[in-house]
Amino acid sequence: MERKYNVAVVGASGAVGEELFRVLEEVEFPIADLLPLASVNSIGIEVKCQGKTYKIEELTEDVFEGRDIDIAFFSAGGSISAKFAKYAVEAGAVVIDNTSHFRMDPKVPLVVPEVNPEDIELWEDTGIIANPNCSTIQMVQLLKPLHDLYGIKRVDVSTYQAVSGAGKKGMEELVRQMQDFFAFKLDESKVEAFTHQIALNVIPQIDVAQDNGYTKEEMKMVNETNKIMHSDFAVSATCVRVPVLRSHSESVTITFGENVDVNVEEAREVLEAFENVTVIDNLENNQYPMPIISTDTDETYVGRIRKDLYANNILHIWGVADQVRVGAATNSVRIAQKWIKLEENA
């Protein structure tokens with residue numbers, strides 16, 4: 001008989017928390033009992049998963065005691081993980097953290113299961129496994145097979161990131177501003193979730209400015225990519241917020257070694273064969289990845305695969321994925337599934 005696990009979800013009332021319940025149900029995750037946790041403001045709110053209803057409880061320092069939690073998903077912000085993750089670990093749970101707090105901790109594995117599943121074995125050092133930044137996850141899923149094929153020397157990426165990357169408040173702000181636009185009162189619309197109006201606009205800044213001229217979001221992609229892939233190639237990112245509700249898009253330019261002569265068909269074949277990657281690449285028939293295709297799916301889509309016009313060792317690709325799922329909830333659940341296999345085979 002299949003063993004079942006006691007699962008906690010911290011941030012149960014948030015966008016990623018809600019998606020976690022959907023993914024856990026869809027993959028028929030072996031849940032014995034579910035403990036949804038959030039702030040005091042969400043106490044008593046009901047959540048449904050796998051045909052059962054659970055009431056959200058308040059996240060406290062002692063809420064994990066005596067609950068025999070096996071797996072605790074954290075998706076309530078870095079400060080919450082910093083304060084409360086240790087209590088889940090002390091109570092015997094493995095913490096799968098979806099915030100940025102632990103990602104660059106050298107003792108904490110940073111995992112995309114399709115790319116570096118072997119790193120999950122390192123969880124026992126701290127009891128924590130970190131879930132990477134959403135933009136990083138979908139990019140490394142595309143870089144990994146190409147790196148194995150040719151050996152990457154440099155990556156330049158521009159992102160087109162959906163407003164749901166800022167949570168529910170980001171989506172609500174875009175919808176509200178579009179409603180105000182059609183009511184001819186956009187000039188009165190509030191700007192709260194973003195630094196500028198997002199409706200009918202693009203904002204070339206995500207997160208705070210760094211001393212080097214990049215943003216924190218851009219540096220996440222730089223630093224996380226090499227940690228996940230155990231590589232040292234150069235990465236440069238420009239992260240842009242666009243007025244799309246869900247799914248991030250990325251334009252990626254990949255430079256390989258000087259002696260590499262990129263074969264587009266060969267590159268397409270290794271991408272098609274890679275786990276959880278779908279190729280849509282038929283420009284003549286207007287077929288390529290778009291947010292409306294990827295939203296509410298667990299695949300990372302890639303297209304516009306083409307060789308550079310001037311250099312034989314450069315490839316350009318276009319990738320799209322639902323960042324609430326692939327970039328957060330689904331990746332977290334996939335980590336948990338791999339962790340279970342590891343534990344059961346120990």
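What this report covers is the structure whose coordinates are included nearby. Note that the structure is predicted; figures quoted are calculated from it, not measured.

**Points about the overall build of the protein**
Then, in step 1: A count of helices and strands for the protein gives eight helices and 14 strands.
Then, in step 2: For the protein, the spread of C-alpha atoms along the principal axes amounts to about 65 × 60 × 40 Å.
Then, in step 3: Burial statistics for the protein: of 346 residues in total, 53% are counted as buried.
Then, in step 4: Sequence separation of 24 or more characterises 67% of the internal contacts of the protein that already satisfy a separation of 6 or more.
Then, in step 5: Averaged over its 32 positive side-chain charges, the protein has a centre that lies 3 Å from the centre of its 55 negative ones.

**Digging into unusual backbone geometry**
Then, in step 1: Even without a glycine there, the phi angle at Asp-68 is positive, about 55 degrees.
Then, in step 2: On the secondary structure map, Asp-68 appears in the loop between β5 (57–58) and β6 (71–74).
Then, in step 3: Asp-68 gets classed as exposed once you look at its relative accessible area, which sits at 57%.
Then, in step 4: Despite not being glycine, Arg-304 has its phi angle at roughly 50 degrees, a positive value.
Then, in step 5: Mapped onto the elements, Arg-304 comes out in strand β13 (residues 300–307).
Then, in step 6: For Arg-304, a relative accessible area of 28% gives the class partly exposed.

**A look at the packing of aromatic side chains**
Then, in step 1: Across all of its chains, the model carries seven aromatic pairs by this definition.
Then, in step 2: Judged by centre distance (6.3 Å) and plane angle (70 degrees), the rings of Tyr-5 and Trp-339 are edge-to-face. Pair noted here: Tyr-5 is in strand β1 (residues 5–10) and Trp-339 is in helix α8 (residues 325–345), with a separation of 334 residues, a long-range link.
Then, in step 3: Taking the relative accessible area as the measure of exposure, Trp-339 reaches 6% and is therefore buried.
Then, in step 4: The rings of Tyr-5, Trp-123 and Trp-339 are connected pair by pair, giving a single aromatic cluster.

**What about the layout of surface pockets?**
Then, in step 1: There is about 1,000 Å³ of room inside the largest pocket.
Then, in step 2: If you go around the largest pocket, you meet 39 residues; those closest to its centre are Ser-164, Gly-165, Ala-166, Gly-167 and Lys-220.
Then, in step 3: When residues of the lining of the largest pocket are traced back to their parent elements, those giving at least two are α1 (15–26), α4 (168–182), α5 (216–229) and α8.
Then, in step 4: When grouped by side-chain class, the residues that make up the lining of the largest pocket number twelve nonpolar, 19 polar and eight charged.
Then, in step 5: Here the second largest pocket is characterised by a volume of approximately 200 Å³.
Then, in step 6: What lines the second largest pocket is a set of 13 residues, among which Glu-275, Asn-276, Arg-334, Gln-337 and Lys-338 lie closest to the centre.
Then, in step 7: Its residues assigned to classes, the lining of the second largest pocket shows four nonpolar, three polar and six charged.

**Looking at the sheet that holds β13**
The strands that make up a sheet pair up through hydrogen bonds in the backbone, lying either parallel or antiparallel.
Then, in step 1: Across the sheet, which stays open at both edges, the six strands sit in the order β10-β9-β11-β14-β13-β12 with mixed pairing between neighbours. Since the sheet does not close on itself, it has two edges, and those belong to β10 (234–241) and β12 (277–279), each with one partner. Sheet twist, expressed as the mean angle between neighbouring strand axes with direction ignored, is 20 degrees.
Then, in step 2: Sheet analysis places strand β9 (residues 152–161) next to strand β11 (residues 248–256), joined by eight bridges and oriented antiparallel. Each bridged residue has a counterpart across the sheet, and for Val-157 the counterpart in β11 is Val-252.

**Describing the pattern of salt bridges**
Then, in step 1: Inspection of the entire model under this criterion finds 21 salt bridges.
Then, in step 2: Where Arg-103 meets Glu-224, a salt bridge forms, and the shortest distance between an N and an O atom there is 3.4 Å. With Arg-103 in the loop between β7 (94–97) and β8 (128–130) and Glu-224 in helix α5, this residue pair connects regions lying 121 residues apart in the sequence.
Then, in step 3: The partner of Glu-217 in a salt bridge is Lys-220, with the nearest N and O atoms 3.9 Å apart. Taken together, the positions of Glu-217 and Lys-220, both in helix α5 and three residues apart, correspond to about one turn of that helix. Residue Glu-217 shares its accessibility class with Lys-220, and that shared class is buried.
Then, in step 4: Each of Glu-19, Arg-22, Glu-26, Arg-246, Asp-296, Asp-298, Asp-322 and Arg-325 takes part in a single network of salt bridges with overlapping partners.

Rules used in this analysis
Residues numbered from 1 in each chain as written. Predicted model: local features only at pLDDT ≥ 70, side-chain atom pairs only at ≥ 80, totals over all residues. Heavy atoms only, no water. Helix = DSSP H or I, 4+ residues; strand = E, 2+ residues; numbered from the N terminus. Buried < 20%, exposed > 50% of the residue type's maximum accessible area, 1.4 Å probe, protein only. Contact = heavy atoms within 4.5 Å. Lys, Arg positive; Asp, Glu negative; His and termini not counted. Charge placed at Lys NZ, Arg CZ, Asp CG, Glu CD. Phe/Tyr/Trp six-rings, centres within 6.5 Å; stacked < 30°, edge-to-face > 60°. 1 Å grid on protein atoms, 1.4 Å probe; cavity = no way out; pocket = protein on both sides within 12 Å on 5 of 7 lines; lining within 4 Å. Points joined across faces, edges and corners; volume = space filled by probe spheres on them. Nonpolar A, V, L, I, M, F, W, Y, C, P; charged D, E, K, R; others polar. Pairing = 2+ DSSP bridges. Axes fitted to C-alpha atoms, helices over the stretch in contact; angles between N-to-C directions. Salt bridge = Lys/Arg side-chain N within 4 Å of Asp/Glu carboxyl O.

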